[in-house]
Amino acid sequence: MSFILSCPNCGPRAVDEYAYGGEVTERARTSGDERALFHYLYFRTNTGGDQREWWFHSSGCREWFQAERNTTRNEVLQVARPGELAPSREPAGG
Ligand SMILES: [Zn+2]
């Protein structure tokens, strides 16, 4: 499925110009907690609703950025450089 994704540096482009980098996850904080590390490495929520994702503009500026996208409607809600996304409008799964 094709859609338009707007790079923070280059502007709107077809999604074919990007590589998907997966969900934005929270890194495991403690080194001794194997369960938390295992969860961080192998589990994804695969949300049906608003989800924060990593994208790489592989055919453009070659920069990583984050997008918030509704996976049900395939609608891009916002894009930003890493760490600059505004708070979500809806709770995940909505
Ligand atoms: Zn770009």
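Before any of the text, the structure's been laid out above.
Definitions and cut-offs
- Residue numbering note: each chain is counted from 1, following its sequence as written.
- Residue-level local features of this predicted model are given only where pLDDT is at least 70; pairs of side-chain atoms are given and counted only at 80 or more, and the full residue set underlies all totals for whole chains, interfaces and linings.
- Residues with at least 20 neighbouring C-beta atoms inside 10 Å of their own are called buried, those with 12 or fewer are called exposed, and the rest are partly exposed, where every C-beta is derived from the backbone.
- Runs of H or I in DSSP of at least four residues are treated as helices and runs of E of at least two as strands, each being numbered from the N terminus.
- For two strands to be treated as a pair, DSSP must find at least two bridges joining them.

Taking burial as the measure, the seven residues of strand S5 (residues 64-70) include five buried ones, the bulk of the element. Note that strand S4 (residues 50-56) and S5 share seven bridges and pair antiparallel. By the bridge assignment for S5, Trp55 is matched with Phe65. With five bridges connecting them, S5 and strand S6 (residues 75-80) associate as antiparallel partners. The residue bridging Ala67 from the neighbouring strand is Val79, located in S6.

For the rest of this paragraph, the subject is the environment of Arg44. Relative to the helices and strands, Arg44 is located in the loop between helix H1 (34-42) and S4. Linking Arg44 and Val24, residues 20 residues apart in sequence, is a C-alpha distance of 9.4 Å.

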